[in-house]
Amino acid sequence: MSKIKRNNFLDTVDEVFTDAKNQGVLHLYAEGDVFNGRKISVKGKSLFHFGTTGYLGLEQDVRLKKAASEAIYRYGTQFPLSKTYISHPLYRRLEDRVTQMYGAPIIITKNSSLGHIGVIPSAVSDQDAIILDHQVHWSVQSAAKTLKLRSVPVEMIRHNHLQMLEDKIKKLSSKHKKLWYMADGLYSMYGDEAPVEELMKLSNKYPQLHFYFDDVHGMSWTGKNGTGFVMSKLGELPEHVLLFGTLSKTFGASGSVLVCSNKKLYNRIKMFGGPLTFSAQLEPASVAAAIASADIHLSPEIYRLQRELLQCINFFNTELDKTNLPLIKRNDSPVFYIGTGMPITGYNFVNRLMREGFFVNLGIFPAVPVKNTGVRITISRHNQPEEIKALVQAMVYHYPKALQATYSSHDKVCRAFNLPIQTPDVSELPQSYGVTIQQEQSILKIDKDVWNVLFSEGGVFDWDGLLFLEQVFSGNNQKENNWNFYYFIVRDQLSKPILATFFTYALWKEDMLAPVAVSERIEAKRLEAPYYMTSYVLCMGSLFTEGKHLYLDKSHPLWYNAMQKLLDALEILDSELNASMLVFRDFEKAEVLNEFFHNHGFFKVSMPESAVIKNLNWSGTDNFIKTLSKKSRNHFKKDIVAFTECFDIEISDEIMDEHINLFYTLFENVRKHNLGLNTFGFPKNLLKCMSNHNQWEFIILHLKSNYTVDEKSMPVGVMFCYKNATGVYVPAFIGMNYQYAHTYQVYRQLLFQAIKRAGEMGFQTIDFGMTAGFEKRKLGAAVTEKIAYIQAKDNFSMELMEMMETKG
């Protein structure tokens, strides 16, 4: 069974953040001795501040500052006791004022992240289920997923997708008491909002439906008493809604607030809520500043502040309306998002704006999908019309330059965000990059000698091998066995190849690289629905081939341009095919292209290890054994030599008609047994085509009659081997009878017989391909970790993402 080292989510985040830090847009330090909210100093340069979440500017209000400083002198820098024992003297005043603001019971928490960790496990019972909006804040998702340990289902829907939410409700309602939908009120990146009114109508239809809103970004700048976006839509808080607001960000102080109108639930959460019980309480300065801010929120002044901010927002919207900048969501919130698509474009754009004198935030994974990188701009009362106008002018000037510098275009960004393309973009015209590209749909259109020279280390994808695959995977009854082939060669102006590869467009099982436990669950459902969780993928190489599918001359000065030219061609092809994923695969872990792919919106995903024997100099079995380590020699004698006499070994260049069905069954046995690399079965005529092809041969293990149950000799193992025209022997696939496989070490015997056969024929390189690296290493193969780079689209399976989250 295939063993794959899964990518850890935090490893991916670490790579993304490290790259952004190296580009100078993340983990920065502000400088200076004084802040006024309007400007911020970074790297010795004073910048207009368009990155704050203090939208009303209350963090600079003299009343909050005075209250905080006085509290320190009166009560000290902290009150080091849990609130379960005793609360700071100022806490009651704060709780009274915030309760008055909302008109409902509240609980003050240290911050929203700790608040979610404390509240969600207390509010959600073991009989409930959780449905997460795909873009709900990470702190909510992280807290909710801890309930999986209590077997509480945690499922996910696409962002603001009400039909998908209703489908989930129907699915879960018969098995669970309450269904908790968790969402943001105002989303922190795009500035778009939850459809609160529509959600309330849905809860009228389904009384089990409850809501958990994180509205920290909707706080203060809107709503009665500044209670936020969600309350502006609800008026009063229903008992089936839990709401989180903030005392930090635009409130100007520190801490968060849970609002709960269900008294029974409120008492349960307040009595014991994990971090609410054990973590330290807010410092006296923070509580005092929050009281001062609450006084402002309870006064008519809050509405004046809201109006002043709205004037700034409207002015920014008016200026943006004059441009062609890709604003992802036009609204009346203080949060704006200009899409850049690729991370590398975002890096370039942010650095340009900082050099121009403007501080903005980069939106990157995991806050947004990798291919939806962009610049988040926040508007506050600190911002004046002149710098707002100047920012828009700077963006209009630098945005196309950032696109050009990173080989992108306005149309590419619009496609990444599903925005309408209103006018032709001159930058969208095919760029030469100083190279030309040949694109074909059959290997017959590619020069045979040129291809074989470029792929001299190839597996079953020399010229003849690809022609074989084109013939096998066309005209079949099952749609999964009909593939489209696309060939690319990029040349310089002297017609010298810089890059060559091929892609296939085929139907995949979406769980192909998922953990075995996930695939087992999905395969159970496929017994009734064979195409459950399948989608079309545009992939480098094919599901039949393994190895180095990309020829790239990195010594050529235009290799980067060649890669960019290939990406441009693939983007056009991908948009025509509407594939769910674009995949580059079979790269070594230390591949220098890692940064290139990440910058262009791809995830890195682990693949099974690959194994190759090079420089094989066969001079008999005894001499081969001497090349192995002492431990491997013992393994060889114990697990291979000891069973060799149990078999009659046949080498054949054809499969007898009476063996076609049997060999196909053995072949399928292995595929079905290997859910760690879960693929569709190949067409049955594959074996006949192999038999008729002069570059395929078959190593067949016949278990002797005195070892079989019915005392008749029978084939129990077969290796399907391809003799590559460039001098590589490829044991491509294997078939086994699992009734005898373990007892007689059939797999290990086939591995050795393949080595022996290759050596006797004079092959010096054996490409064993992927999986079972441990077994192949014991026979002298060099094993290499492989990775793929994947760009998943919006039509990729959300359900698989849920299952992968469940299994880690």
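What counts, and at which threshold
Counting from 1, residues in each chain are numbered in the order their sequence is written. For this predicted model, a pLDDT threshold of at least 70 governs which residues receive local features, and a threshold of 80 or more governs which side-chain atom pairs are given and counted, while totals over whole chains, interfaces and linings are taken from all residues. With hydrogens and water set aside, each side-chain value is computed from the structure's full complement of heavy atoms. Starting at the N terminus, helices and strands are each numbered in turn, a helix being any DSSP run of H or I of at least four residues and a strand any DSSP run of E of at least two. A simple rule labels every residue: compare its accessible area, found with a 1.4 Å probe on the protein chains alone, to the largest value its type can have, and call it buried under 20%, exposed over 50%, or partly exposed in between. Here a residue-residue contact requires only that any non-hydrogen atoms of the pair lie within 4.5 Å. Neither His nor the chain ends contribute to the count of charged residues, in which Lys and Arg are positive and Asp and Glu negative. Throughout, a charge is located at the NZ atom of Lys, the CZ atom of Arg, the CG atom of Asp or the CD atom of Glu. Throughout this description, the term salt bridge denotes a Lys or Arg side-chain nitrogen within 4 Å of a carboxyl oxygen of Asp or Glu. At least two DSSP bridges between two strands are required for those strands to pair. The angle between two axes is taken between their N-to-C directions and runs from 0 to 180 degrees, where each axis is a line fitted to C-alpha atoms and a helix contributes only its stretch in contact. These descriptions rest on fixed angle ranges, namely under 35 degrees for roughly parallel, over 145 for roughly antiparallel, 65 to 115 for roughly perpendicular, and the rest for oblique. A crossing counts as left-handed when the near helix is turned anticlockwise from the far one by less than a right angle, and as right-handed when that turn is clockwise. Each residue gets one of three labels, nonpolar for Ala, Val, Leu, Ile, Met, Phe, Trp, Tyr, Cys and Pro, charged for Asp, Glu, Lys and Arg, and polar for the others, Gly among them. By convention, a stacked pair of Phe, Tyr or Trp rings (six-membered ring in the case of Trp) has centres within 6.5 Å and planes under 30 degrees apart, an edge-to-face pair has planes over 60 apart, and any other such pair is tilted. A ring is scored as having a charge over it whenever the NZ atom of a lysine or the CZ atom of an arginine sits within 6 Å of its centre and within 35 degrees of its normal. By this rule, a helix spans an expected 1.5 Å times one less than how many residues it contains. Two N or O atoms count as a polar contact when they lie within 3.5 Å, although within protein this holds only if one can serve as hydrogen donor and the other as acceptor, and sequence-adjacent residues are included solely when both atoms are side-chain atoms. Every patch collects residues that have over 30% relative accessible area and no salt bridge, joining them within 9 Å if they carry like charges and within 5 Å if they are nonpolar side chains (Val, Leu, Ile, Met, Phe, Trp, Tyr). In short, Shrake-Rupley with a 1.4 Å probe defines the accessible areas, and a residue's cover is counted only from the protein chains shown. In this text, buried Ala, Val, Leu, Ile, Met, Phe, Trp, Tyr and Cys residues form a nonpolar core when linked through side-chain atoms within 4.5 Å.

A. Broad picture of the overall build of the chain. Across its full length, the chain carries 27 helices and 27 strands. Oriented by its inertia axes, the alpha-carbon framework of the chain measures out at about 90 × 65 × 50 Å. Considering the chain as a whole, with its 808 residues, one finds that 59% of them fall into the buried category. Contacts in the chain between residues at least 24 apart in sequence constitute 75% of all its contacts with a sequence separation of at least 6. Across the chain, 88 positive and 85 negative side-chain charges occur, with their mean positions spaced 6 Å apart.

B. Summary view of the pattern of salt bridges. Taken as a whole, this structure holds 33 salt bridges when the rule is applied. Here glutamate 387 makes a salt bridge to arginine 38, at a shortest N to O gap of 2.6 Å. You can see glutamate 387 sitting in helix H14 (residues 385-405) and its partner arginine 38 sitting in the loop between strand E1 (30-31) and strand E2 (39-42), a full 349 residues away along the chain. Since its relative accessible area comes to 28%, arginine 38 is described here as partly exposed. The salt bridge partner of glutamate 166 is lysine 205, with a shortest N-O separation of 2.7 Å. Placement of glutamate 166 in helix H6 (residues 162-172) and of lysine 205 in helix H7 (residues 196-205) is noted, with a sequence separation of 39 residues between them.

C. Representation of the sheet that holds strand E12 (residues 358-359). The strand order across the open sheet built from four strands is E1-E2-E3-E12, with neighbouring strands paired in mixed fashion. Sheet topology places E1 and E12 at the edges, where each strand pairs with a single neighbour.

D. Representation of the packing of helix H3 (residues 91-102) against helix H11 (residues 284-297) within the structure. One can describe the packing of H3 onto H11 by two numbers: an axis separation of 9 Å at closest approach and a directional angle of 30 degrees. Between H3 and H11, the angle falls in the class roughly parallel. Considering only the axes of H3 and H11, their crossing is left-handed. Of H11, the residues touching H3 (which contributes Tyr91, Arg93, Leu94, Arg97 and Met101) are Val287, Ala290, Ile291, Ala294, Asp295 and His297. For the contact of H3 with H11, a count of residues per class yields seven nonpolar, one polar and three charged.

E. Seen up close, the sheet that holds strand E6 (residues 154-157). Sheet architecture is open: seven strands sit in the order E4-E10-E9-E8-E7-E5-E6, paired in mixed fashion. Looking at strand neighbours, the two that pair on one side only are strand E4 (106-109) and E6, the edges of this open sheet. Within the sheet, the average angular offset between the axes of one strand and its neighbour, ignoring direction, is 20 degrees. Where strand E8 (residues 209-214) lies against strand E9 (residues 241-246), four bridges are found, and the strand directions are parallel.

F. Quick look at the packing of aromatic side chains. Taken as a whole and judged by the stated rule, the model has 58 aromatic pairs. When the ring of phenylalanine 596 is compared with that of phenylalanine 597, the centres are 5.6 Å apart and the planes differ by 85 degrees; the resulting orientation is edge-to-face. There is no split in this pair, since phenylalanine 596 and phenylalanine 597 are both buried. Just above the ring of phenylalanine 48 sits the side chain of lysine 39; from NZ or CZ to the centre is 4.7 Å. Directly above the ring of phenylalanine 680 sits lysine 509, whose terminal nitrogen or CZ lies 5.3 Å from the centroid.

G. Expanded view of helix H19 (residues 559-577). Across its 19 residues, H19 extends 27 Å between first and last C-alpha, which sits within 8% of the 27 Å expected from 1.5 Å per residue. Directly after H19, the chain includes asparagine 578, whose backbone phi takes a positive value near 55 degrees.

H. Spatial organisation of unusual backbone geometry. Cis rather than trans, the peptide bond between phenylalanine 365 and proline 366 has omega equal to 10 degrees. When you line up the elements, proline 366 lands in the loop between strand E13 (361-363) and strand E14 (373-378). Phi is positive for serine 151, which is not a glycine, with a value near 65 degrees. Mapped onto the fold, serine 151 is located in the loop between helix H5 (138-145) and E6. Serine 151 gets classed as exposed once you look at its relative accessible area, which sits at 62%. The backbone of serine 220 sits at a positive phi, close to 75 degrees, despite the residue not being glycine. Checked against the element boundaries, serine 220 lands in the loop between E8 and helix H8 (229-234).

I. Representation of helix H4 (residues 112-123). For H4, with 12 residues, the first-to-last C-alpha span of 15 Å sits near the 16 Å given by 1.5 Å per residue. Measuring from the backbone nitrogen of serine 113 back to the side-chain oxygen at the start of H4 gives 3.2 Å, which picks out asparagine 111 as the cap.

J. Layout of the packing of helix H22 (residues 630-644) against helix H25 (residues 746-760). Relative orientation of the contacting elements H22 and H25 amounts to 90 degrees, with a least axis distance of 9 Å. Between H22 and H25, the angle falls in the class roughly perpendicular. Touching His635, Phe636, Asp639, Ile640, Phe643 and Thr644 of H22 are Arg748, Gln749, Phe752 and Gln753, all from H25.

K. Spotlight on a nonpolar patch on the surface. On the surface, Leu81, Tyr85 and Ile86 cluster together into a nonpolar patch covering about 350 Å² of accessible area. Given the relative accessible area of 71%, tyrosine 85 is considered exposed.

L. The side chain of histidine 297, seen in detail. Among the secondary structure elements, histidine 297 is positioned in helix H11. A distance of 2.7 Å separates the side chain of histidine 297 from the side chain of serine 220, its partner in a polar contact.

M. Spotlight on the nonpolar core. If you look at the biggest cluster of nonpolar residues, it comprises 114 residues, and the most contacted ones within it are Tyr102, Phe213, Phe316, Ile377 and Met395. Counting residues per element, this core draws most heavily on H11, at nine residues. Leaving out residues up to four positions away in the same chain, phenylalanine 316 has contacts with Phe336, Ile377, Ile379, Ile388, Leu391, Val392 and Met395. Among the nonpolar cores identified, the runner-up in size contains 54 residues, and Phe455, Ala500, Val730 and Ala788 belong to it.

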